[in-house]
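Here's the letter readout for the chains.
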Amino acid sequence: MQCELSLLSFVTVLSTVFCDGLAEDAVLDVEPYWSTFFIGESVTFKCDMNEGEKSDWQYKIQKDGQAFVHYNTHEKYTLSLRHRGDKGQYQCFGRNKYDSQLIKKSNTVNLSVSAAFPKATLTLTTTTSGGSVILSCSVKNSEGWTYEYFRRTQSTTEAPVRTDGEENRVSVKQGGIYRCRGSRGPITSYISDDVPIDITLSNKVVIKQEPKWPQSFSGEVVTLKCEVQGGDVTDWQYDWRFRGKKSYSSYGNNWILTATRSSSGEYTCKGIKRGDPYSSTEWSDAITLAVLPGKPKAQIQADIKTIPVGGNVTLICSVSPSSGWKYSWYRFLESSHLLTAQDAVFHVNGKISVSQVGLYWCKGGRGNPVYYSEDSDAVTIDQNVPYRAVVKLQHKWPQIYNGEKITLRCDIHEEIEWEYEFKSPMSSPFITKNELVIFYASSSVNGDYKCRGRKKNAPQFLTGWSDSFSLEVLQKPSPVLSVSPSWLSPGVSVTLKCEVENPSAGWRIYWYKAIPDLSKITGCYSYELLPDSSNGTAQDLYIIHQQTHTAAFACRAARGDPLFYTLNSEPKFVWSGDFNAEASLQVIPSRVQHFSADSVSLSCEGNCTEWRVKKINNEGAVSDCVDWVVTKGSTCQLHSGLHSNAVYWCECASAFSNAVNITKQSEAIILESPVHPVAEGDPVTLSCKLREEQTVLDVIFYKDDKVIQSDTIQELTILAVSKSDEGFYKCQHAGKESPQSWMAVKSVPKPENDLFLPMLIAGLVCGFLLIILFLLFCYYKKSKGSSSARSQSVNQSSVTDCMINQDEKNTYTSPVHDDTCVYESIKVSDDNETCTTGGREQNKKTEESCIYSDVMIRSSTDDSLVYVQVSHNKDKGRDKKKPAPSATDETVYSEVKTSKNRAQ
């Protein structure tokens, strides 16, 4: 490696010589060697050829490549710097005296000359633990300076500071204002700027507040004390800072303040050596002064405000938030005076006990001079008398509801003139009459109520508070209405029952008929009072007679003065399957049961122009057609797949339609039965239907869970329906059973003209029987004579499928017509009688009996037995003293069986 470097150096030298014929092994030195020179200073160039003797060479100096000093025998050259033009690059050359071809040149030296005069800079570099500081002086960007330091104070002139041999730094233990300057050769720098030096002493400083209260009030005198540990108070001057800014200086260590709101904040202090204002302690820890605005007001408290019989009351006075108070007490009865130990028992912490009625108040004071609070409010101390007050509710109702007017009474059973006080949740006690009226009860008046009496002429004497009367206001009630029956039957009255909470609590019931209101929101009704309900009824039952069509009813209750009404009950419906001329509901298909996949159409018909279809399900929920189906005009279409067992009806502004019961089933079999009631005497056909088939052949039908026929049939037909056919029907096929449905039968009143046919038949029968009896009588007279009497027996005969039995008592029975079994009551008399046959009167005076027949016509479907009483009278000349014939002799009962009976 060294060989490589030597070779490189050799090559470099050869290259230099080869290029310009000069070797650069001469050295140019500068004395002094400073980076910057200033005008007025001198610089010496020294050229060393590093070969031979100095006298063997001639020297020259070039500046910026131009001859500056020509060849001469002086190896040194001193240049006095007079202007900035002396700066530049300097180089020296040496020529051998003995070999003029041997010339050497030196390195180049850059000479910097500044025209600006330098200024010293004084810097605080270090603060030592012993309370001294180290100062450093410098002249920027130059070397070779020696420095002087100076100190002065506000009261002394500037004087040099001993440096203790340090070149550019000095350690000082005194505070003051310091400066420095530098010297180099013939020149001196400008003096530095002032540097104030504060010496922090190690003495600890503590600030204290007297009196030491957490809060002070405007106008109070507060003293802040600054204590410096070590030394006497007179050794120091004190500086105070408030909210971080110097605010006050003093030779005493107290700062006395008259507190104001603006005095609130943090305070600190420190000690400064007298005569040495630059030597001081550190600032103390801060103390916070809290000043509240205005004077505080004393507060008075009483454990009770009424002196019990033989007891006393404890009063407490306080001023907050603060401490250090002493309290003064005052009492007023006829005049005010300061309380002493003769008037009250004084305890610590502002408490006293008193046993005299009067007006009491207090105030607090503290500090020196004493600072007083404002007087407290006055408290009235009364004394109890041994009488008892009671709060009562005037109406004695167990519940009170929102919106009612109620009256609370305060009762004191003593003949003394009282003023009354009520204590309620709404307000503090107030004086009133013995009644407290709440005109509109609400939840805001809930709570406990008390009352007491105060003697009118001596108001300091009063009763104790009554026991609490707890008042709870409930939400306005809604009565519950029930109707019976739900479905109308001819001649059956409708009973409404309205149930209210606590029916004995003075309620009167108001009964209403619901009128559909199609102008308002869905399901809305207006209400009209029912007859005899304008003043309400004391009973909770209301009976409606001759109700024939579907209707809705509601009720509400009222009590009090003015009347307080409950909410209306929910409307309740009474259903009728009969068609209403004003409104009717048609169902397509017209049956009760439907498969869930069936589409069912409900159509409203009648005298109305606007309709709504409604239903009520098994849970009693009422809804409109628009809530559950597709509606168009007066028709509702039940969706397929909708499972719904409900009662459906139509409503318009003036009427309700008939109601129909419709069920949609998921079973595989249903019963096809009429959706509307069947009129008596009309035929009806019931059938069974499977989901997969239209008709079913082998079906068993049930009525009220009993099999109707012994064999299977395709359908059940009743030619003339009677009321006894009403009931629950279902069908069964191949082990599958349909749900049951109710088939209603409605009675059809017969017009008066319908009586003509039965009367005609009865007349014909009566005439026929008279002829037969006359012939029999003649035969009897002829065969037996007038003095003989005997009994005849008529054998059984069959006339039009009726079986007739006759005895030997001149009794005859015969059917009237068709297969109807008719029994007659026949009376035989010897007197002149008037017979009515077929509506005509016949007078007969004969010895034979006149016979009367009572004919009863039964429907062909009625297979019950009918019994007839047949009686006759003996001859007119019978001895009246003889006993009358017995019932067994005179009355004969015959059983007639219809073909249906025989078939069974």
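The rules behind each value
Residues numbered from 1 in each chain as written. Predicted model: local features only at pLDDT ≥ 70, side-chain atom pairs only at ≥ 80, totals over all residues. Heavy atoms only, no water. Helix = DSSP H or I, 4+ residues; strand = E, 2+ residues; numbered from the N terminus. Buried < 20%, exposed > 50% of the residue type's maximum accessible area, 1.4 Å probe, protein only. Contact = heavy atoms within 4.5 Å. Areas by Shrake-Rupley, 256 points an atom, 1.4 Å probe, with all protein chains shown as cover. Pairing = 2+ DSSP bridges. Lys, Arg positive; Asp, Glu negative; His and termini not counted. Salt bridge = Lys/Arg side-chain N within 4 Å of Asp/Glu carboxyl O. Polar contact = N/O pair within 3.5 Å; in protein donor to acceptor, adjacent residues only side chain to side chain. Axes fitted to C-alpha atoms, helices over the stretch in contact; angles between N-to-C directions. Phe/Tyr/Trp six-rings, centres within 6.5 Å; stacked < 30°, edge-to-face > 60°. Lys NZ or Arg CZ within 6 Å of the ring centre and 35° of its normal. Disulfide = S-S within 2.5 Å. Patch = residues over 30% accessible without salt bridge, like charges linked within 9 Å, V, L, I, M, F, W, Y side chains within 5 Å. Core = buried A, V, L, I, M, F, W, Y, C linked by side-chain atoms within 4.5 Å. pLDDT = per-residue confidence, 0-100.

1. So, the overall build of the chain
If you tally the helices and strands in the chain, you get five helices and 80 strands. Sorting the 904 residues of the chain into buried and exposed places 40% on the buried side. In the chain, of all internal contacts separated by at least 6 residues, the share reaching a separation of at least 24 is 60%. Here the chain displays about 50,300 Å² of accessible surface, and carbon together with sulfur accounts for 49% of that area.

2. So, the pairing of strand β66 (residues 660-665)
With respect to burial, β66 is a largely interior element, five of its six residues being buried. Where strand β59 (residues 593-595) meets β66, three bridges bridge the pair, whose relative direction is parallel. Its bridge partner being in β66, His594 is matched across the sheet by Lys664. Direction of pairing for strand β65 (residues 645-651) relative to β66: antiparallel, over a ladder of four bridges.

3. A look at the side chain of Arg331
Residue position: Arg331 is located in strand β33 (residues 326-332). Asp343 provides the closest opposite charge to the buried, unpaired Arg331, separated from it by 5.7 Å. Here Val357 takes part through its backbone oxygen, which lies 3.0 Å from a polar atom of the side chain of Arg331. A polar contact of 3.3 Å, which involves the side chain of Arg331, links it to the side chain of Tyr360. If near-sequence neighbours (up to four positions away) are discounted, Arg331 is found in contact with Ser336, His337, Leu339, Gln356, Val357, Gly358, Leu359, Tyr360 and Trp361.

4. Digging into the environment of Trp145
Mapped onto the secondary structure, Trp145 falls in the loop between β12 (133-139) and β13 (146-152). A relative accessible area of 8% means that Trp145 is categorised as buried. For the pair Trp145 and Ser189, spaced 44 residues apart in the sequence, the C-alpha separation amounts to 9.1 Å.

5. Remarks on the sheet that holds strand β54 (residues 541-544)
Strand order in the open sheet made by the three strands is β50-β51-β54, with antiparallel pairing throughout. With partners counted over all chains shown, the strands left at the sheet margins are β50 (480-484) and β54, one partner each. Between one strand and the next, the sheet's axes are offset by a mean angle of 20 degrees, whatever the strand orientation. Of the pairings in the sheet, the one linking strand β51 (residues 494-499) to β54 comprises four bridges and is antiparallel in character. Bridged to Lys497 within β54 is Leu541.

6. Some remarks on the pairing of strand β37 (residues 358-366)
The two faces of a sheet get side chains in turn, since along a regular strand they alternate between them. Here β37 lies mainly inside the structure; seven of its nine residues are buried. Inspection of the sheet shows β33 paired to β37 by seven bridges, in the antiparallel sense. The residue bridging Tyr330 from the neighbouring strand is Trp361, located in β37. Pairing of β37 with strand β38 (residues 371-372), which is carried by two bridges, proceeds in the antiparallel orientation. Its bridge partner being in β38, Arg366 is matched across the sheet by Tyr371.

7. Here we look at the side chain of Ser601
For Ser601, the position within the fold is in strand β60 (residues 600-606). Under the relative-accessibility criterion, Ser601 is labelled buried at 14%. If sequence neighbours within four positions are ignored, Ser601 has contacts with Gln586, Val587, Ile588, Thr635, Cys636 and Gln637.

8. A word on the environment of Gln91
Topologically, Gln91 is positioned in strand β7 (residues 88-96). Assessed through its relative accessible area of 15%, Gln91 is described here as buried. The residues contacting Gln91, other than those within four sequence positions of it, are Leu28, Lys60, Ile61, Gln62, Lys105, Ser106, Asn107 and Thr108. Within the structure, Gln91 has its side chain in polar contact with the backbone oxygen of Ser106 (distance 2.6 Å).

9. Thoughts on the packing of aromatic side chains
As enumerated under the stated definition, the model contains 28 aromatic pairs in all. Between Phe217 and Trp325, the ring centres sit 6.1 Å apart and the planes meet at 55 degrees, which makes this aromatic pair tilted. Of this pair, Phe217 sits in strand β21 (residues 216-217) while Trp325 sits in the loop between β32 (313-318) and β33, and the two are 108 residues apart along the sequence. In this structure, Phe217 and Trp325 share a single accessibility class: buried. Seen in terms of ring centroids, Tyr525 and Phe573 are 6.3 Å apart; in terms of plane orientation they differ by 65 degrees. Their pairing is edge-to-face. Of this pair, Tyr525 sits in strand β53 (residues 525-529) while Phe573 sits in strand β57 (residues 572-574), placing them 48 residues apart in sequence. Exposure remark for Tyr525: the relative accessible area of 10% places this residue in the buried category. Residue Phe573 is classed as buried on the basis of its relative accessible area of 6%. Among the aromatic residues, ring-to-ring pairing joins Trp487, Tyr525, Phe573, Trp575, Trp649 and Phe656 into one connected group. Just above the ring of Tyr371 sits the side chain of Lys295; from NZ or CZ to the centre is 5.7 Å.

10. Some details on the sheet that holds strand β30 (residues 299-302)
What the four strands build is an open sheet, ordered β30-β32-β36-β35; its pairing is antiparallel. Of all strands in the sheet, those bounded by a partner on one side alone are β30 and β35 (345-346). Two strands pair when backbone bridges link them, and β32 and strand β36 (residues 351-354) are joined in this way by four bridges, in the antiparallel orientation. Across the sheet, Thr314 pairs through a bridge with Ser353, a residue of β36.

11. A closer look at the pattern of salt bridges
Applying the stated rule across the entire model yields 33 salt bridges. Notably, a salt bridge pairs Glu404 with Arg559, separated by 2.8 Å at the nearest N-O pair. Highlighted residues: Glu404 in the loop between β41 (400-401) and β42 (406-412) and Arg559 in strand β55 (residues 551-559), separated in sequence by 155 residues. With respect to burial, Glu404 and Arg559 carry one shared label: buried. Three or more residues are tied together by salt bridges with common partners; here these are Arg152, Glu158, Arg179 and Asp194.

12. Some points on the state of the cysteines
Considering all chains together, one arrives at 10 disulfides under this definition. Shown here is the disulfide that connects Cys317 with Cys362, its sulfur atoms set 2.0 Å apart. Residues Cys317 and Cys362 are joined through a disulfide that is right-handed, its torsion about the S-S bond being 85 degrees. Taken together, the positions of Cys317 in strand β32 and Cys362 in strand β37 put the pair 45 residues apart, joining distant regions of the chain. Across the pair, Cys362 and Cys317 agree in class, each one buried.

13. A word on a nonpolar patch on the surface
On the surface, Val437, Phe439 and Tyr440 cluster together into a nonpolar patch covering about 350 Å² of accessible area. Along the chain, the position of Phe439 falls in the loop between β45 (435-438) and β46 (447-455).

14. Description of the nonpolar core
Core analysis: the largest hydrophobic core is formed by 42 residues, its most contacted members being Ile400, Leu471, Leu496, Trp511 and Phe553. If sequence neighbours within four positions are ignored, Leu496 has contacts with Leu481, Ser482, Val483, Trp511, Leu530, Asp540, Leu541, Tyr542, Ile544 and Phe553.

15. Brief notes about the confidence of the model for the chain
On average, the chain scores 80 in pLDDT, and the residues at 70 or more come to 80%. Within the model, pLDDT remains below 50 along residues 1-21, and this stretch shows seven contacts once partners closer than five positions in the same chain are excluded. In the model, residues 786-904 has pLDDT below 50 throughout and makes 210 contacts with residues more than four positions away in sequence or in other chains.

16. A few points about unusual backbone geometry
Cis geometry marks the peptide bond from Glu31 to Pro32; its omega dihedral reads -10 degrees. Put simply, Ser484 and Pro485 share a cis peptide bond, and its omega is -5 degrees. With respect to the helices, strands and loops of the structure, Pro485 is situated in the loop between β50 and β51. In this structure, Asp64 takes a positive phi of about 50 degrees despite not being glycine. On the secondary structure map, Asp64 appears in the loop between β4 (57-63) and β5 (66-72). Of the residues examined, Asp64 reaches a relative accessible area of 46% and is grouped as partly exposed. Although it is not a glycine, Lys396 sits at a positive phi angle of roughly 60 degrees. Looking at where Lys396 falls in the secondary structure, it is placed in the loop between β40 (389-393) and β41.

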